[in-house]
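Take a look at the letters that make up each chain.
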Amino acid sequence: MAGAITVHTSEKASKRPRHITEPAPVQWLLIGIAILFLGFIVLLPLASVFVEAFKKGVGVYMDSITDPDALSALRLTLIVALIAVPVNTIFGIAAAWAISKFRFRGKNILITLIDLPFAVSPVISGMIYVLLFGAQGFLGPWLDERDIQIVFAVPGIVLATVFVTVPFVARELIPLMQAQGVQEEEAAVSLGAKGWQIFWKVTLPNIKWGLLYGVILCNARAMGEFGAVSVVSGHIRGETNTLPLHIEILYNEYQFSASFAVASLLVMLAVLTLIVKSIVEWKSSQQKPAFESE
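Residues numbered from 1 in each chain as written. Predicted model: local features only at pLDDT ≥ 70, side-chain atom pairs only at ≥ 80, totals over all residues. Heavy atoms only, no water.

Thoughts on the overall build of the protein
Per the secondary structure count, the protein includes 14 helices and zero strands. Each helix and strand of the protein, ordered N terminal to C terminal, gives the series α-α-α-α-α-α-α-α-α-α-α-α-α-α. Relative to the compact-globule value of 19 Å for 294 residues, the protein shows a C-alpha radius of gyration of 25 Å, a clear excess of over 25%. Counting only C-alpha atoms, the protein reaches 80 × 55 × 30 Å along its principal axes. If you take every contact in the protein between residues at least 6 apart in sequence, the share linking residues at least 24 apart comes to 72%. (Helix = DSSP H or I, 4+ residues; strand = E, 2+ residues; numbered from the N terminus. Rg over C-alpha atoms; globule rule 2.2 N^0.38 Å. Contact = heavy atoms within 4.5 Å.)

Written out as structure tokens, the structure reads:
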């Protein structure tokens, strides 16, 4: 009888997709629309970047990406990302842990503040730091007396980038940790585990793929940020220009081949980020719970 029930159930499960799946023509139509749309909106512009970058030959391309100003912009972009991403990773883990594991007043306010950079224009976020740390800002005179420069310098660029990338790690971890609950942590406490032991042995293994995904998204936004950085940087060549700002300057000076050559560096960094993202997604899909693999 049990065998008959099992066979009946499996046959029913195998037939179910036929009733909930769209007809083949509809599937191909939707797939075709998606491919055409993405090809026109995404792939065609990206391909045109490389076409324009190599339009005047490989020599011009290499001269453009090895120009001292371009190398300085690349170096600054990587430095800012190397600072902003770890800062937001630490904050994101702490915020997600507090929001998902504890009950406290003001939790909704904290969540709203984390989401705030999504709603505020990056240009406005840059202006906030100018109002705070600029020469005529609230803290400007105090900083000037101590010969500390934040706006139109690297610290301002880092602060603006940290602001616009705050939500990525936290927002990736909060729903994941809320779905996992606190049962495993409570079990670890009952067995005598301490705070850091619980984090390293229980919490971190459960969130590692979501954490990596959030870090990748945060890094991609940090390297490509333009609006906030443009306001606080001062556009000083060789000092405060990141790659997006350097591309804008070259384009405004009608150095189109050079601008597209430098833009290709950003495209390649983006492609590398997508490859890492795809690997993380594939790895996470392989980590199925025990009851699903049985």
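Still to come is the rest of the account.
Section: the domain arrangement of the protein
Taken domain by domain, the protein consists of domain 1 (23-54) and domain 2 (56-286). Taken over C-alpha atoms, the centre of domain 1 sits 29 Å from the centre of domain 2. Of the residues lining the interface, six residues belong to domain 1; the matching set on domain 2 comes to eleven residues. Buried area between domain 1 and domain 2, summed over both chains or domains, comes out near 770 Å², and the portion from carbon and sulfur atoms is 78%. Ranking the residues of domain 1 by area buried against domain 2 places Phe50, Ala53 and Phe54 at the top, with a combined share of 62%. The interface formed by domain 1 and domain 2 includes zero salt bridges. In this structure, the connection of domain 1 to domain 2 is made through two residue pairs in polar contact (both at pLDDT 80 or more). (Domains from an automatic or database assignment. Buried area = accessible area lost by both parts, 1.4 Å probe. Salt bridge = Lys/Arg side-chain N within 4 Å of Asp/Glu carboxyl O. Polar contact = N/O pair within 3.5 Å; in protein donor to acceptor, adjacent residues only side chain to side chain.)

Focus: the UniProt feature "transmembrane region" (unreviewed entry) in the protein
Mapped onto this structure's residue numbering, the UniProt feature "transmembrane region" (unreviewed entry) falls at residues 28-51, 71-97, 109-130, 150-170 and 256-276. Spanning residues 109-130, this segment combines 91% helix with 0% strand, and its end C-alpha atoms are found 25 Å apart. The straight-line gap between the two end C-alpha atoms of residues 256-276 is 30 Å; of that span, 100% is helix and 0% is strand. (UniProt positions renumbered as here; feature names shortened; annotations may be inferred.)

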